[in-house]
Structure formats: C-alpha cells, structure tokens
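Chain by chain, the residues run as shown.
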Amino acid sequence: MDERVAARGIYDEFPGHRLPSDGELDAALGAALVVVDANVLLNLYRYNESTRVDLLGVLSRLGERLWVPHQVMQEFWRNRLSVLAGRASAGKQFLDALGKQRRAANDALDQWAKATAIPGPERDALAERLAELYAGVEAAVSEHTPAVVGRAADDPVLHELEHLLAGKVGARPDEAEWQLAAAEGNRRVANGEPPGYLDAKKAGSDLPEEAAGDYLVWSQSILEAARREADLLIVTGDEKEDWWWRHRSEFLGPRTELADEFTALGGRRLFLLRPVDLLKRADALAFEVRSGSVDDADRVSREVPADPLWTGQGVRTLLDLMDLEGLVQADVIRAAAANGGSVDRASVYRIGKFDDDRMLRGFTKPAARITAELQDAGVVRFGVEPALTPVYRGGVKAVEFRIPDEVALILGDAEWDDEAEKPAVGPRS
C-alpha cells in the first residue's frame, strides 16, 4: 500500500467535524462570500430601530461579498406583508386593550371623586394628567405600528435594503435548472437529508417549490461560492437541526453533511452564524454595535419561532366560526385529526355528502378566509400553516387534504388547557 495515500489526518476524510475557531470565524467575515437568509431580512421588521441600523451597518461592511440568493428574495417578498400585518395586529391589540383600561380608569376616577367629595377642578386636573399619560403611550405605540401595510413609500426597511442589496441579488436559474434543483430538494426532504428536511409538511403544498425552499437557498449559495472560489458564510435565523450541528442548546456549526458537501465541491470551508452571533462579531469588520442590539436580536430569535404554531384557542375559535357558517370543512378538519393528520378525497365526499360530479376547487378557501379574519383579530398568529392544505400527486385533482401537526395534536387532546398556553408540539430546534 502506498504510504503517501494511506497517511491521513483526523479531518481529511471528515472535514465537517472541524469546529471553527473564533479566529476562523472572524477571518471568514473578512474574506468569505456572506449569504443572508430570508428570515434575517424579515427580522429587520421585528427589531427595534437601533438594532436594525446596527445589523444593516454590519452587512454594509461586507461590500461586494454580501450576496442574496434568488430564493431568499422570493421568500422575502412572499412573507413580507404577513410580517407587517403581524406587527400592525399586535399594535392594534395593545391599543384596544389600552383604550379599555383608559375608560376603566376614568370611570374609577369619577367614582372615587364622588365618594370622597373631591372638588371638581382637582378631579379635572387628575383626569387631564391621566389623559396625557395614556395619550403618550398611544402615540409611542402608534409610531411603531405600520399604518398602511405594503406601501413601499412608508417602509424604511425597503429603502435601506434597496440601497444595500443593489447588484447583490442572484438571478433566477433557468427553468430546467430550477426544476432539477427543486426535485433534488424535495427528494432530500423525503429521505431526511439536510438541508430542509424538517419542512416535510410543505410537501404537496401550493408553493411552487413545495418543500424544497431551504435546498434552493443552499444550492444557489454553494454555486455562487464555487463560482467565486470562496469560503461560504451563511447568516440565518433558522435554528433547526436540519441546518445546524447542535449539542443541546449549543450551536456548534453547520451540519457535518453540509460542510462535507461544500468542501467536496472545491476544498473550501462552510460557516454558519445567527444574526445575534454576527452582531457579536462586528469588531471583525471594524464596526461598533450597541450592546442593546445584541440583546434585541436575541429577543427576536427567542420570540419568533421559525414556524409559528396554532394554539388551542385559535383552533377552537376557527372551528366554532366554521360551524356557525355550517361549513363542512370543520368536520373535515376534525376527521383529519382523528385520522392522524389527513383525509383522502373519498372521505371528503363522504363527510360532505357531495355528489360524484362535485368539484373540490376552492375547497380550502373558507378555512383560509376565517383564518385571516382571526389573524387580524389577534387570535391566530401570522405565518401559521394553513388549516387545510390540498395535496396533489401528479394530477390536477387533490388526492387528500392535510392539517398542521399541532392542529391534529390539539384536537386529539381532550384535556387541552387554553389558558395554560400548553405548547401544541414539543420544542422546535
């Protein structure tokens, strides 16, 4: 045996197991191609203003090494309005609650003034102070609440991204290339291969790529890094283990399979950072970040799950409203829950007592309409999976209808306690 061939080091055949040092991460920030995921761009709407300014400042230091795959931009535009609407809904809920408290406080003040015979001028002075207090809080909340969802002229995030990303967004692959990549992504999801296999619930959805979104981001990123012959550093708010090599709550680095795959393309290194980690390493780019920005980014990473979930209150309110309208879709959702999460086409016809020639086009629209109403009312979180999703397998007719995993668990749990806010599913990575 040729000793020169046999002599190998511990990482030669296992490059993905080499954990990056602090120095290597800092060096990557100064030399690698840096790709930001869609959740990083969308979280700019969730950060406070100083955090947004700091993160954009760090990204601007990357110059031409900052790059956004076409799929990332596609997902940004697809989800932007939902994020804005979520902010507007949260602001509206708070203002409504504040208005009720204001009226209650005024009533209590009147009763107290009468009971204690407080002179009118003194009572009026107290009422004025109370009004000023509430008005100040309302003005502050309104300032941070989008008034018109979707108007680019009123959106500072869009203005800043337009300047920052000029000439840095990847073109859409040609159709044949895109179809091959989407097929590979969905194959990986079906076989539990990273990245993106935890998005299996999106298989058969009405998204053009179905469950292959993460893989499209990955494939477009590694192709661009290979073209530039550069290391690749991906900044992502996705903390699931189909991207990360994790040990309990610690993020060690990218999945070893992904690091190995990228190295096999040309011997380069793959790095992953979360937005909070990027802010902590801003010194490597000679940029000073306010300490509060790191705390704010960490807050958002903890408060905004990768996939917002249905709650018991949301599910039961949805079904109650559907029952009030006499919609058969409510019984279909219940049947899907009893059947492990889905019902086939024949079962829908049986449940609805439909004639054989009845079409099911638009069957999920009532559930989507009521869900949107509940989101506007703050009962259901924006970004939840549709309550009913048609599944197609090569044909033009839906072969079955699926409900979210947490909805199936909620409806299968007779002891569900809405007030306790028991999590619908286990903690997500």
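Structural notes, computed from the coordinates. Along each chain, residue indices are assigned from 1 in the same order as the chain's sequence is written. Side-chain atom pairs in this predicted model are given and counted only at pLDDT of 80 or more, local residue features only at pLDDT of at least 70, and totals for whole chains, interfaces and linings cover all residues. Hydrogens are left out, water is left out, and the side-chain values use all remaining heavy atoms of the structure.

Before going further, it helps to spend a moment on the overall build of the protein chain. Strands are runs of DSSP state E lasting at least 2 residues, helices are runs of H or I lasting at least 4, and numbering of each runs from the N terminus. Assigned secondary structure in the protein chain consists of 17 helices and nine strands. Put simply, the protein chain has 429 residues, and 46% of those count as buried. If you take every contact in the protein chain between residues at least 6 apart in sequence, the share linking residues at least 24 apart comes to 73%. Only the protein chains shown count as covering a residue, and every accessible area follows the Shrake-Rupley method with a 1.4 Å probe. In the structure as shown, the protein chain presents an accessible area of about 22600 Å², 51% of it carried by carbon and sulfur atoms. Relative accessible area decides the class of each residue, using a 1.4 Å probe on protein chains only: under 20% of the type maximum gives buried, over 50% gives exposed, and in between gives partly exposed. In this analysis, two residues are considered to be in contact whenever any of their non-hydrogen atoms come within 4.5 Å of each other.

Before going further, it helps to spend a moment on unusual backbone geometry. Omega for the bond connecting proline 194 with proline 195 falls within 30 degrees of zero, at -5°, which places this linkage in the cis form. You can see proline 195 is positioned in the loop between helix 8 (175–190) and helix 9 (213–228). With a phi close to 55°, glutamate 210 is a non-glycine residue in the positive phi region. Mapping glutamate 210 onto the fold places it in the loop between helix 8 and helix 9. Its relative accessible area of 29% is what places glutamate 210 among the partly exposed residues.

A separate point is the pairing of strand 4 (residues 244–247). Only strands joined by at least two bridges in the DSSP assignment are considered to pair. Of the pairings in the sheet, the one linking strand 4 to strand 5 (residues 250–254) comprises four bridges and is antiparallel in character. Along strand 5, the bridge assignment pairs tryptophan 245 with glycine 253. In sequence, strand 4 turns back onto strand 5 through a hairpin of two residues, with arginine 248 there showing a positive phi of about 55°.

Across the sheet, which stays open at both edges, the four strands sit in the order 2-1-3-6 with parallel pairing between neighbours. Two strands bound the open sheet, and with one partner strand each, they are strand 2 (66–67) and strand 6 (270–273). Pairing geometry for strand 1 (residues 33–36) and strand 2, over two bridges, is parallel. Note on strand 2: the bridge partner recorded for valine 34 is leucine 66.

This part is about the pattern of salt bridges. Should a side-chain nitrogen of Lys or Arg be within 4 Å of a carboxyl oxygen of Asp or Glu, the pair is scored as a salt bridge. Applying the stated rule across the entire model yields 25 salt bridges. One salt bridge connects arginine 172 with glutamate 175, and the closest N-O pair in it is separated by 3.0 Å. Among the ionic contacts, a cluster of salt bridges with common partners joins Glu184, Arg187, Arg188, Glu193 and Glu261.

Here we come to the packing of helix 4 (residues 49–60) against helix 12 (residues 291–303). Helix axes are fitted only over the stretch in contact, all axes being lines through C-alpha atoms; the angle between N-to-C directions runs from 0 to 180 degrees. Where helix 4 contacts helix 12, the axes come no closer than 9 Å and their chain directions differ by 100°. On the basis of the axis angle, helix 4 is roughly perpendicular to helix 12. For the pair helix 4 and helix 12, the contacting residues are Ser50, Thr51 and Asp54 in the first and Gly292, Ser293, Asp296 and Ala297 in the second. All residues other than Ala, Val, Leu, Ile, Met, Phe, Trp, Tyr, Cys, Pro, Asp, Glu, Lys and Arg, Gly among them, are scored as polar; the first ten of these are nonpolar and the last four charged. Across the contact of helix 4 with helix 12, the residue classes break down as one nonpolar, four polar and two charged. With respect to orientation, any angle under 35 degrees is reported as roughly parallel, any angle over 145 as roughly antiparallel, any angle of 65 to 115 as roughly perpendicular, and every other angle as oblique.

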